[in-house]
Amino acid sequence: MTTEYIRYTLKTSTPEEFMDGYRKAATHLAAAPECLGYDLTQCEEDANSFILRIQWHSTKAHLEGFRKGSHF
């Protein structure tokens, strides 16, 4: 299993806009067989900061499966 972390610091959109866009994009993660799970967390001290954690079957599954597949 491989865990990927992505840090977002919003500069042009509101936290609400970002969360709305993420809900739409997350349907692709949920449908991807390479993805084991994901979690988006908003910082309590800075509402413009988020961390996305995605668990993949493997690095190869992420890079060669998901990134080259229809859900990306």
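Computed from a predicted model, the values in this text were never measured in an experiment. (Residues numbered from 1 in each chain as written. Predicted model: local features only at pLDDT ≥ 70, side-chain atom pairs only at ≥ 80, totals over all residues. Heavy atoms only, no water.)

K.L.:
Could you give an account of the overall build of the protein, with specific residues and numbers?
P.N.:
Helices and strands together make up the secondary structure of the protein, namely 2 helices and 3 strands. Tracing the protein from N to C terminus, the helices and strands come up as β-α-β-β-α. Put simply, the protein has 72 residues, and 28% of those count as buried. Contacts in the protein between residues far apart in sequence, at least 24 positions, make up 59% of those at least 6 positions apart. As presented, the protein carries roughly 5,000 Å² of accessible surface, and 51% of it is formed by carbon and sulfur atoms. (Helix = DSSP H or I, 4+ residues; strand = E, 2+ residues; numbered from the N terminus. Buried < 20%, exposed > 50% of the residue type's maximum accessible area, 1.4 Å probe, protein only. Contact = heavy atoms within 4.5 Å. Areas by Shrake-Rupley, 256 points an atom, 1.4 Å probe, with all protein chains shown as cover.)

K.L.:
Can you tell me about the packing of aromatic side chains, naming the residues and giving the values?
P.N.:
All told, the structure shown has 5 aromatic pairs when counted by the stated rule. Here Trp56 and Phe66 contribute two aromatic rings whose centre-to-centre distance is 4.8 Å and whose plane-to-plane angle is 45°, an arrangement assigned as tilted. Highlighted residues: Trp56 in strand E3 (residues 49-56) and Phe66 in helix H2 (residues 59-66), separated in sequence by 10 residues. One exposure class covers both Trp56 and Phe66, and it is buried. Ring-pair connections join several aromatic residues into one group, and the members of that group are Tyr8, Phe18 and Phe50. (Phe/Tyr/Trp six-rings, centres within 6.5 Å; stacked < 30°, edge-to-face > 60°.)

K.L.:
Describe the pairing of E3, naming the residues involved and giving the relevant values.
P.N.:
Side-chain positions along a regular strand alternate between the two faces of the sheet. Pairing analysis gives 8 bridges linking strand E1 (residues 2-9) to E3, with the strands arranged antiparallel. Along E3, the bridge assignment pairs Tyr8 with Phe50. Between strand E2 (residues 35-42) and E3, which pair antiparallel and follow one another directly, the connecting turn spans 6 residues. (Pairing = 2+ DSSP bridges.)

K.L.:
Give a description of the environment of Ala25 that names residues and reports values.
P.N.:
With respect to the helices, strands and loops of the structure, Ala25 is situated in helix H1 (residues 15-31). Note on Ala25: relative accessible area 41%, which makes it partly exposed. For the pair Ala25 and Cys43, spaced 18 residues apart in sequence, the C-alpha separation works out to 20 Å.

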